[in-house]
Amino acid sequence: MRKYLPLSLSARHSYPNSVRYFKRIGISIVYLFMQSRIQQAAREFVLRQYGVEASVVVNRPPRVEMGDLALPLAMELARKLRRPPRQIAEEVAAALRSVAGVAKADVAGAGYVNLFLDRAAYAAQLGAPLEAGASATTAAGGKLIVEHTNINPNKAAHIGHLRNAALGDTFVRLLRARGHTVEVQNYIDNTGVQVADVVVGFLYLEQKKEEDVARLAQDPAARFDYYCWDLYARVTRFLAEDSARLELRNRTLQEIEEGHTLAARVAEIVSTAIVRRHLATMLRLNVRYDLLPRESEILHLRFWDQAFELLQEKRAIYLETEGKNKGCWVMRQTEGNREQGIGNSAEEEDGGQDTKVIVRSNGTVTYVGKDIAYQLWKFGLLGKNFFYRPFETYPDGRTVWVSSSEPGSGSPPAFGQGQKVYNVIDVRQSYLQKIVAAGLRALGYTEQADRSIHFSYEMVALSPRCCDEMGIELSAEERQRPFIEVSGRKGLGIKADDLLDRLLEEAYKEVLSRHSDQPDDFRRRIAQQIAIGALRYFLLRYTCNTIIAFDFHEALSFEGETGPYVQYAVVRARNIFRKLEEEGGRFDENAVTPAVLERFLAAPEGDAFWELLYQASQWDAVAELAIATTEPAAVAKYAFQLAQGFNNFYHRFRILTEQDEARKMFLLWLVKRVEDRLTTTLDLLGIEVPEAM
RNA sequence: GCGCCUGUAGCUCAGUUGGAUAGAGCGUUGGUCUCCGGAACCAAAGGUCGGAGGUUCGAAUCCUCUCAGGCGCGCCA
């Protein structure tokens, strides 16, 4: 017998709006619907019968035989009502028996109310196929903005950036699948220190002319992002050798910010070429963007000046007249902020406590200041806007736009004006993200501050073993550590494209051994889908606050809890139908009548089928949970468990050789339902299903 | 010094914001196949949930203390 696979779901909240919405567009959300219906019935009964408001949790019993849904509410009520919990549970159970869709209600243990659903009725509602992508245009509730990737445009993307993009992109897919309108922004810090460093490298270290850099950036064979990766590491050493050289960087940085200088032109060449490389890398992973807002426009369109005025007006910042921050504009520390741990008590001695410098004494604005301006713009609160021009067109015809200082061509969508903003940024920037939110709050935009979500995640580091494999030398002290932090400055890390290439190679070997008779482009396509599936799943299976100590062995694995495992389950399901056709058979959906469902889902013979179907139906609740907790790993886990459930079923039951025609049709129907949900779930993870494996 | 995060099986990680007998993958050991393709399936072994108190019907989950590790705390981004 297969084991029961516990699925982590609960229903603290009801989803009336979602239910209505999905009914309207025809997406099957049977599970959430049942859950909220029962929740509501229980709440109403408790209020009517006992006159108390109860928090009605609906979850699942520990074992399937005990029921489909569980309500552990009687124990809590027992205290308030001063009556035995089991007695209360009996009364609740009796009340819930009359709820449509409930077949049976038991009382178990200390006072759990366990519900058994009407299997056939439930199954009949799962008939409607999911309408993929039917969501974006019709959702209510305003636009959500998700900012992710945000790689400094001065070097190739590395494995840590891939985690950011995979999380951000998956979150976007989840939101869209749940009917939200989403705008994806990838912020480009094209005037920062990191770009300046590479410019210094080209102009001073390599003594290159503007045309040389332009030519190099155009040359596909040069792998410009890789070239800059190495150059950046060299510049870092160059600057470290002689502190006087730092002046070179400062001057370059200033020239870049001014614009119209040689350094600015080279910076533009470098950052634009690198961004194109980044987009290409991310596209390999099925990651796309709508808009690339750039720091240069934030500067040139004077977004900061506008934000500065607002902040002064509301006295959110003030000019420090004494102490170490004399001459700077600093942000006050409010009570609310202090609660959230913002402030710097290390400076208690010199009067600079609980403040954050926003404008330096030389008049330039810090990174946080620019970020506050950008965040205000995202909510449509700045009173200024970017101009836009098309940056690139994706193979599917969609356009990525980039910010511009002048009116551009084309007709861009109405960017910005978000109702809620998710910033996918690693956990080390928590402090700064809090200051940004505190800035909004100080301006009186408390609601927007609350709707500024820092989608925080931990870094990807390298395991010491991984460093060995890559020939990275470690000190004795480093060797003792559980992981080694990647460093762009040192050129220490795994480049995203290298990892992808290696995965492709491994996948291709596997495909070759199984499909030696197939054309090579077929094999390449499949190998690529498998490689991407493996990588995206690997990056998504860990919860956000888990540090991933990168390990080749685990990342290159195609067995066990991996993307390919899930892909394989879908391929198997589809093979059944393909084989059926080859044999001249036909799947007739209409043959699966309510009576057929009734017959084959009935306990106990139908338990295995029901379990699988029930599990497959929980797609909606998982997506909702992942959104509410900003935890895409829940979806990855679900995909794996459902695939596992299917693989087990696949082994236990022969379908094509089934003699009972009604049973055969029922089994095919079940496979179809599971395949459908698995495909949808993989799509949420940005993973495609190969034609064969 | 202050703040945040983490500690669960040999290893890597889940664990439904307090619920019933703590789960998975890998690894180990032993099984399954004239098959809808084995990138699969089944089983076994393996856990004082870092430690100590507390809160209550009930704690891996909440509170306090403590030990260990990580990350932040700049007129860098």
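Draft legend 1. Layout of the packing of helix 6 (residues 159-177) against helix 26 (residues 619-628). Between helix 6 and helix 26, the least distance of the axes is 10 Å, while the angle of their chain directions is 125 degrees. When the axes of helix 6 and helix 26 are compared, the pair comes out oblique. In this structure, the crossing between helix 6 and helix 26 has a hand that is left-handed. Along the contact surface, helix 6 presents Phe-171, Leu-174, Leu-175 and Ala-177, while helix 26 presents Trp-619, Ala-623, Ala-626 and Ile-627.

Draft legend 2. Spatial organisation of unusual backbone geometry. The step from Ala-603 to Pro-604 runs through a cis peptide bond, and the omega angle for that step is -5 degrees. In this fold, Pro-604 is placed in the loop between helix 24 (594-601) and helix 25 (607-616). The backbone phi angle of Arg-315 is positive, close to 55 degrees, even though this residue is not glycine. Here Arg-315 is to be found in the loop between helix 13 (303-313) and strand 7 (317-319). Unlike most non-glycine residues, Thr-630 shows phi in positive territory, near 40 degrees. Position of Thr-630 among the secondary structure elements: in the loop between helix 26 and helix 27 (633-652).

Draft legend 3. Representation of the packing of aromatic side chains. Under the counting rule described, the total for this entry stands at 30 aromatic pairs. Each ring, one from Phe-538 and one from Phe-550, has its centre 5.9 Å from the other, and the planes form 90 degrees; the classification is edge-to-face. In this pair, Phe-538 is assigned in helix 21 (residues 520-540) and Phe-550 in strand 16 (residues 548-550), connecting sequence segments 12 residues apart. Using a relative accessible area of 4% as the deciding quantity, one classes Phe-538 as buried. Overall, Phe-550 belongs to the buried group, its relative accessible area being 0%. Here the aromatic rings of Phe-600 and Phe-666 are separated by 5.3 Å at their centres, their planes lie at 25 degrees, and the arrangement is stacked. Taken together, the residues Phe-600 in helix 24 and Phe-666 in helix 28 (residues 661-684) connect sequence positions 66 residues apart. In this pair, the class of Phe-600 matches that of Phe-666, namely buried. One Lys or Arg, Arg-502, reaches over the ring of Phe-552 and ends 4.0 Å from the middle of that ring. For Arg-541, the ring lying beneath its charged end belongs to Tyr-542, and the centroid distance is 5.2 Å.

Draft legend 4. Here's a closer look at the domain arrangement of chain A. Taken as a whole, chain A is organised into domain 1 (16-117), domain 2 (143-184 + 289-457), domain 3 (187-288), domain 4 (458-493) and domain 5 (495-693). Computed over C-alpha atoms, the centres of domain 1 and domain 4 are 51 Å apart.

Draft legend 5. Quick peek at the side chain of Asp-551. Relative to the elements of secondary structure, Asp-551 occurs in the loop between strand 16 and helix 22 (552-555). Since its relative accessible area comes to 8%, Asp-551 is described here as buried. Here His-553 takes part through its backbone nitrogen, which lies 2.9 Å from a polar atom of the side chain of Asp-551.

Draft legend 6. Region of interest: the pattern of salt bridges. With the rule as written, the count across this model stands at 46 salt bridges. Residues Arg-119 and Asp-607 are paired through a salt bridge, measuring 3.0 Å at the closest nitrogen-oxygen approach. With Arg-119 in helix 5 (residues 119-125) and Asp-607 in helix 25, this residue pair connects regions lying 488 residues apart in the sequence. Overall, the relative accessible area of 17% leaves Arg-119 in the buried class. Of the residues examined, Asp-607 reaches a relative accessible area of 26% and is grouped as partly exposed. Between Arg-677 and Asp-676 there is a salt bridge whose closest N-O contact spans 2.7 Å. For the pair Arg-677 and Asp-676, a shared accessibility class is recorded, and that class is buried. Connected through shared salt-bridge partners, Asp-225, Arg-277, Arg-284, Asp-497 and Asp-501 make up one network.

Draft legend 7. Here's a closer look at the sheet that holds strand 14 (residues 460-462). Taken together, the 3 strands give an open sheet; going across it, the order is 15-14-16, and neighbouring strands pair in mixed fashion. Strands at the two margins of the open sheet, each flanked by one partner only, are strand 15 (484-485) and strand 16. Where strand 14 and strand 16 come together, 3 bridges link them in parallel fashion. Counterpart to Leu-462 in the pairing with strand 16 is Phe-550.

So, how was this worked out
Residues numbered from 1 in each chain as written. Chains lettered and ligands numbered in written order. Predicted model: local features only at pLDDT ≥ 70, side-chain atom pairs only at ≥ 80, totals over all residues. Heavy atoms only, no water. Axes fitted to C-alpha atoms, helices over the stretch in contact; angles between N-to-C directions. Helix = DSSP H or I, 4+ residues; strand = E, 2+ residues; numbered from the N terminus. Parallel < 35°, antiparallel > 145°, perpendicular 65-115°, else oblique. Left-handed = near helix turned anticlockwise from the far one by under 90°. Contact = heavy atoms within 4.5 Å. Phe/Tyr/Trp six-rings, centres within 6.5 Å; stacked < 30°, edge-to-face > 60°. Buried < 20%, exposed > 50% of the residue type's maximum accessible area, 1.4 Å probe, protein only. Lys NZ or Arg CZ within 6 Å of the ring centre and 35° of its normal. Domains from an automatic or database assignment. Polar contact = N/O pair within 3.5 Å; in protein donor to acceptor, adjacent residues only side chain to side chain. Salt bridge = Lys/Arg side-chain N within 4 Å of Asp/Glu carboxyl O. Pairing = 2+ DSSP bridges.

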